[in-house]
Every structure is written in structure tokens, then in C-alpha cells.
Amino acid sequence: MTKARKLRELMARPGPIVIVGAHNGLSAKIGEEAGFDGLWASGFEISASYAVPDANILTMAENLQAARMMNNTSLPVVADCDNGYGNAVNVVRCVEEYEAAGIAAICMEDNIFPKRCSFYAGVKRELAEIEEHALKVRAAKAAQKDRDFVVIARTEALIAGWGMEEALRRGRAYADAGADMVLIHSKSKDPDEVLSFARAWDRPRTPLVCVPTIYRTTSVDALHEAGFKLIIFANHAIRSSIKAMTETLQTLKREMYTGSVDDKVVPLERVYELVGVDKMKQEESRFLPSGSPGVTAVILAAGQSQGLLPLTEELPKPMLDLKGKSILERQIDVLNACGVKDVAVVRGYKKEAIKLPNVRTYDNDEYATTNEVVSLFRASKELSGPFVFLYGDIVFERAHLEKLLKSPADVSIVVDRAYAEGQRPKDARGVPDLVVLKDAQEAGYRFVGAEAPHRVARVGRAIAERDAHGEFTGMAMFTAKGARLLTDCYHQLQETRAKGGFHEAESLRSATFTDLLQELIDRGADVQAIDVYKGWLEIDTFEDYRRAWALIKE
């Protein structure tokens, strides 16, 4: 359905049509969101947005471009085309261009060229001859190709002070020339003039339009009851934006820090919503070559490490230096190299030390009395789509992450199979997170199929070493479906498990990530193991830290 057809249907239905002025795509989006029936491509607003008077200073092309931007909504756009930008020949081209742009209607006034805004006081104001403007209306109707396209004729007779009889005479002539609607404009502070016009109007097949900018206390219902079909709130978007921008910028200049205007501005996410960032992301995902896995990384860095004191007296463990870069920076470097650019870090202990560019942070201020599951869900906003999970104290080879990102499974964890061969360093931290696989193949890589994923049966620290097939490295990935499984599981547990133990933990609040993984497995989730062989290190002791310094080349 064309926008012109939509406007025709609005004209045919009972009740008033209420449209709102706009001056660009953003104001149009806000008008649509507010629930108006249509948009008024206001010459006043568009001129003001260019910081020039509303006096035919802008060209038709400039006004048309603004109207095109407003056509990014589902609403019909009624374009204020001043006096048609010239004589009847200019009007023909005006209709051709606006109709081709998908605009539903144009409105032409009987001011001479160049026009002057209706409300400018003390400026020269002349009206065109009645016959001249009537011929413009005829030219417009003859030029349109879509029979639904609407031509509104506007008379400025009351604005010019030429009286009611002249206004009626002009309105009737324009209706008889084929205008689809007639707009009677007034600068009176009460509605008496336009109401009198409506009472005397004797062209019932040509609906009336009004712009209650000055008689501002008159309601839409009152105007519709008097006979007006289309009511235009013409210029409030630009006027309100000027007020808001003035207050905001004056405050910024006075206070000189951006936080001083937090109560005056919308969050950036609101702007993203209006301009369609989510739609852009969907289109990128569908149509652009995949240069990114399209996942977010969530890194847990909230806990306090006792094993590395006094190094961690002033720094959280993920910020310890490894040859010029912190552990966390090295993780982010690997993530970025694999195309993972969206990174969120959950902070806790010494949280002020974790400040990295292009990283979103979430805080678990209860880090001393909670554990990994609570920290993870402090970043719940990041868990609605695909995400990679990382412990904040591991360093790993890029190949491990690349392998994880290729996994098609809804839930995947990286498992080091070297553990089953007795390859774990003897002086590392005491009890590792071990993994038992279903139908695990023999240890070693001298067989076909070693790269195939295996389903995880058990994961945790209570597993006997003789039963384990590998060690969980602290790396996992969840697809969008996997993320839903995880979050649904957690929220159900919050409702049903107020007290009591939870797998290897004393409670849900003290649960580790592997406790939650085991819960998913017990509920039937398919958790797959991605096999790796060494190539990573968890830094939990001085010996781990020393080894990392020795092994990392740069």
C-alpha cells in the first residue's frame, strides 16, 4: 500500500486525522513512535533546521530531501511546499518529484513567490490572484500519476488581513479547481476565525485543514466537531528541540563535564534504537561477508586471589603484568584477533584498576561472599545472544579460541586432553576442574576423528583423577539458544533453590561456573567438549606466574 493510499483511507474513516511537524528522519521516527497519524514536512521546521528564515530561501530540492528522510517511517508524509516554488509550470515539476519520492500529499499556499512565514510580523505580505493559485491547483492535479496523491490548497487570506469573505472566496475557488482538501490559516489567539470559516464552508466534498499553532488551547475534538478533518501540530518538534539543546549546551559550557547533563539527554542506546542499529546488525549478519563471529565475550575478573599475594594487594589478578601487558589485555588481544570485538568484563576486587578502552564493565560488589555464577549474571545484559565465556586469569593460544568459535554446538567448553596423559604441571594449583566425556576416545591424537567434539557427562572438582578425560580450561561458548538455556536455568534456580547445596557448592550464591554447567547437563542439555592439547595456562600461583613470564615471548 502506498503512503498516498494510507492517507486516503485516513480521510475516509470517521474521526480526525492528526499529524505532527517534523524536519528530518529522526524527528519523523519520534513522531511515528508517539502515535500520530502522519507527518507534516514543515517548511518552518526544515528552514529552521538549516538556520535560515522560512521565506523560500531553501530550494525545492533541499525541502524534498528533508521530506524524503521523513519517509523512513510507515506514516504518510504531507509536504509543506510553500507556494509550489514558482508558477504553475514549477508546480508540475514539484508534483512529479514529490510523488516519485513517495510523499503522500503536498500543500500549496497562495502567497506570492518568495513567500514569508505566516507568523512573521512586519514583513511585506502579498497574495497571488485567485485565478493564478486555482490554476496551480489544476496543474498539480493534472500532473499527478497516482490517483491517491493528495493536493491541499491553503489560503493565507486571514493571515494577510483580507477578511472572511475573501478567505471563503479563495477556499471555494481552490476546491472547485480540484483541491482534495483546503487549509484555512489564522494567527488569531482564539479559534473564532477558523470556526467561522468552517461554519460557512459549503463544499462538503472538500475536507478542511487547520494548524492550531496560535489558538493553542483549542482541542482536536473541538476542531473536528466544527468541521476540520486534518489537524496539524506544525512546529513543536523543532521548538522543543531548540529549548532542550539550549539548556543542555549552556549547562555543559557552565559545568564543563559531560555528566552534568545526564538528566537532560537520552542514553546512547535510545539513539541506537531510533536510528535502527539492531536492523543494521541483522542486515550485516545476513548480507555481509563474515569477518566476525558475531559473538560477545564475557570475562569474569571479580574474585580476589590469595595465592598471588602480595602482588594482588593493589591489583586484581587479571591486571597483573606479563611482559608489558596485563593478563586481561592479552585475552582481549586474542579475542580481537579472532574478530570478537564486543567485550564485557565483570569486576569486583579492586575494580577501579580495571579500565580498558572499548570494554564494557559490570560490577559484582559482593565478590567476597559470592562466586562465579553470581558474577556471570551481573552481566546478564550480555547473555541474550551468542557469547564466549572466559575466566579472567588464563592465557591461551589463539588456535584454541578459533577452534571454539567454529563449534556448532549450543554449549561448548574447551577441554585439555593432556591432563588424561599426566601432562598437567605438578606445581600448579591444587584441584582442577575435571571433565568426564561420554563415549570418549582413547587419549592421544594418532587416530582419525580426534578433532570431533564429544559430549560432556560430568564437570567439576570432585571428579576422581582416574575417571577424568581432560581438564576444563575456563573457556566456553554459548549460541543464542545455549544462552537462553543458561539464563532460563539460572532464573528457575533463583525461584526454586532459596537454600541448600548446589552440586559442589554450598549454595547457588557460592556456585562456580562448572556447577551451573553440570546443572545444564543434568537437565539434558548437550554440552560438547572441544579438545585441545596444552597451549594454555591458568595463573593462580607464583609458579604459574613465573612460567607465564618464561613462556610468553612478547
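Keep in mind it's a predicted model, so treat the numbers as computed, not measured. (Residues numbered from 1 in each chain as written. Predicted model: local features only at pLDDT ≥ 70, side-chain atom pairs only at ≥ 80, totals over all residues. Heavy atoms only, no water.)

## Looking at the side chain of Gln528
Along the chain, Gln528 falls in strand S20 (residues 527-532). Side chain to side chain, Gln528 and Asp526 meet in a polar contact 2.6 Å long. (Helix = DSSP H or I, 4+ residues; strand = E, 2+ residues; numbered from the N terminus. Polar contact = N/O pair within 3.5 Å; in protein donor to acceptor, adjacent residues only side chain to side chain.)

## Observations concerning the pattern of salt bridges
Inspection of the entire model under this criterion finds 38 salt bridges. Glu366 is the partner of Arg378 in a salt bridge, and the nearest nitrogen-oxygen pair spans 2.6 Å. Here Arg378 is found in helix H15 (residues 372-378), whereas its partner Glu366 is found in the loop between strand S13 (359-363) and H15, with twelve residues between them in sequence. Owing to a relative accessible area of 34%, Glu366 belongs among the partly exposed residues under this scheme. Between Arg547 and Asp544 there is a salt bridge whose closest N-O contact spans 3.7 Å. (Salt bridge = Lys/Arg side-chain N within 4 Å of Asp/Glu carboxyl O. Buried < 20%, exposed > 50% of the residue type's maximum accessible area, 1.4 Å probe, protein only.)

## Considerations on the pairing of strand S12 (residues 342-347)
Within S12, five of the six residues are buried, leaving the element largely enclosed by the surrounding structure. The pairing of strand S9 (residues 296-301) with S12 spans six bridges and is classified as parallel. The partner of Leu300 across the bridge, within S12, is Val346. (Pairing = 2+ DSSP bridges.)

## Overview of the side chain of Asp110
Mapped onto the secondary structure, Asp110 falls in the loop between strand S4 (105-109) and helix H6 (130-143). The exposure class assigned to Asp110 is buried, which follows from its relative accessible area of 0%. A polar atom in the side chain of Asp110 sits 2.9 Å from the side chain of Thr155. Of note is the side chain of Asp110, whose polar atom sits 2.9 Å from the backbone nitrogen of Glu156.

## Re the packing of helix H8 (residues 164-176) against helix H9 (residues 192-200)
With their axes 11 Å apart at the nearest point, H8 and H9 run at an angle of 50° to one another. Between H8 and H9, the interaxial angle falls into the category oblique. Note that H8 runs across H9; the crossing there is right-handed. Contacts between H8 and H9 involve Met164, Ala167, Leu168 and Arg172 from the first element and Glu193, Ser196, Phe197 and Ala200 from the second. Among the residues forming the contact of H8 with H9, the class breakdown is five nonpolar, one polar and two charged. (Axes fitted to C-alpha atoms, helices over the stretch in contact; angles between N-to-C directions. Parallel < 35°, antiparallel > 145°, perpendicular 65-115°, else oblique. Left-handed = near helix turned anticlockwise from the far one by under 90°. Contact = heavy atoms within 4.5 Å. Nonpolar A, V, L, I, M, F, W, Y, C, P; charged D, E, K, R; others polar.)

## Some words on unusual backbone geometry
Between Leu309 and Pro310 the backbone carries a cis peptide bond, its omega angle lying at 5°. Positioned with a positive phi, Ala51 is a non-glycine residue whose angle comes to about 60°. Note that Ala51 resides in the loop between helix H3 (43-49) and helix H4 (60-70). When its relative accessible area of 69% is taken as the criterion, Ala51 is described as exposed. You will see that Lys534, though not glycine, has its phi angle at about 60°, which is positive. Tracing the chain through its elements places Lys534 in the loop between S20 and strand S21 (536-538).

## Description of the pairing of S20
Summarising burial for S20: six of the six residues are buried, a large majority. With six bridges joining them, strand S16 (residues 411-416) and S20 adopt parallel strand pairing. Looking across to S20, one finds that Asp416 is bridged to Val532. As paired strands, strand S18 (residues 454-460) and S20 are joined by two bridges and run antiparallel to one another. Residue pairing for S20: His454 is matched across the bridge by Ala529.

## Describing the environment of Ala480
By secondary structure assignment, the location of Ala480 is in helix H17 (residues 480-496). Spatially, the C-alpha atom of Ala480 lies 4.6 Å from that of Pro386, the residues being 94 residues apart in sequence. If we ignore the near neighbours within four places in the chain, the residues touching Ala480 are Gly385 and Pro386.

## Observations regarding a nonpolar patch on the surface
A grouping of Leu26, Ile30, Val266, Leu268, Val271, Tyr272 and Val275 is seen on the molecular surface, where their side chains present a nonpolar patch of about 610 Å² in accessible area. Every element with two or more residues in the nonpolar patch is listed here: helix H2 (25-34) and helix H12 (268-275). Relative to the assigned elements, Leu268 resides in helix H12. (Patch = residues over 30% accessible without salt bridge, like charges linked within 9 Å, V, L, I, M, F, W, Y side chains within 5 Å. Areas by Shrake-Rupley, 256 points an atom, 1.4 Å probe, with all protein chains shown as cover.)

Any functional reading would require information that these geometric values do not contain.
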